[in-house]
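Close look at the chain arrangement
Here is what each chain is made of, one letter per residue.
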Amino acid sequence: MRVLEILGITGKEGNVVSVAMNVPSSKIDKKDVVKVANRFLKTEETDKLALVAPKATVNIIRNYKVSEKRKVELPKVFVGLLKCPNPTCISNMQNEPIVPTIDVVDKNQPLLKCRFCQRLMTSSESRII
Ligand SMILES: [Zn+2]
């Protein structure tokens, strides 16, 4: 469900969205599958997916065939994609023309750090813009 939230899919767009949970998989015990029709994912969207589904793979299907497989991967830095959870951070001030910049300091945890106030945050504390 967080995957749909990150992609900004509410169901109102009219795309066919199917969600399957606990699908048997050969590589891992089971997996969850989210299928969205007529929606191309930008790299910055798959970057954000890495926060909630670090082991996910994005398959782009064209003409009923997998035309591209993309492993989601945390980028080194999120620029303008995540909000700092610190309300007094300068990146949250409305009058400041600052683009929130959040560094990924540990890809495995994952652990993130605001470049402006140095606040450390986990992926669940980060807020997606
Ligand atoms: Zn901050």
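Thresholds applied
Residues numbered from 1 in each chain as written. Predicted model: local features only at pLDDT ≥ 70, side-chain atom pairs only at ≥ 80, totals over all residues. Heavy atoms only, no water. Helix = DSSP H or I, 4+ residues; strand = E, 2+ residues; numbered from the N terminus. Areas by Shrake-Rupley, 256 points an atom, 1.4 Å probe, with all protein chains shown as cover. Lys, Arg positive; Asp, Glu negative; His and termini not counted. Charge placed at Lys NZ, Arg CZ, Asp CG, Glu CD. Salt bridge = Lys/Arg side-chain N within 4 Å of Asp/Glu carboxyl O. Buried < 20%, exposed > 50% of the residue type's maximum accessible area, 1.4 Å probe, protein only. Donors = N, O, S within 2.8 Å, 3.2 Å for Na, K, Ca; no water. Tetrahedral: all angles 85-135°; square planar, octahedral: opposite > 155°, others 65-115°. Pairing = 2+ DSSP bridges. Axes fitted to C-alpha atoms, helices over the stretch in contact; angles between N-to-C directions.

A few words now on the overall build of the protein. Helix and strand counts for the protein come out as 2 helices and 10 strands. The N-to-C order of helical and strand elements in the protein reads α-β-β-α-β-β-β-β-β-β-β-β. Structurally, the protein occupies a C-alpha span of about 45 × 30 × 25 Å along its principal axes. Here the protein displays about 9000 Å² of accessible surface, and carbon together with sulfur accounts for 51% of that area. Across the protein, the mean location of the 22 positive side-chain charges is 4 Å away from that of the 13 negative side-chain charges.

A separate point is the pattern of salt bridges. Tallying each qualifying case throughout the model produces 4 salt bridges. Between Arg 39 and Glu 45 there is a salt bridge whose closest N-O contact spans 3.3 Å. Judged by relative accessible area, which is 10%, Glu 45 ranks as buried. The salt bridge partner of Glu 68 is Arg 70, with a shortest N-O separation of 3.2 Å. Owing to a relative accessible area of 15%, Arg 70 belongs among the buried residues under this scheme.

With that settled, consider the coordination of the zinc ion. Within the protein, Cys 84 (SG), Cys 89 (SG), Cys 114 (SG) and Cys 117 (SG) serve as the donor atoms for the zinc ion, at 2.3 to 2.4 Å. Each of the 4 donor atoms bound to the zinc ion contributes to angles spanning 101 to 115°, and the resulting shape is tetrahedral. Considered as a linear motif, the donors of the zinc ion on their single chain read C-x4-C-x24-C-x2-C. Of the two residues, Cys 84 and Cys 89, neither departs from the other in class, the shared state being buried.

The next point concerns the sheet that holds strand β8 (residues 111-114). If you trace the 4 strands from one edge of the open sheet to the other, you get β5-β7-β8-β9, paired in antiparallel fashion. On the outer flanks of this sheet lie β5 (77-79) and β9 (120-122), each paired with one strand and no other. The sheet shows a mean angle of 30° between the axes of neighbouring strands, direction not considered. Strand direction decides the pairing type here: β5 and strand β7 (residues 101-106), joined by 3 bridges, are antiparallel.

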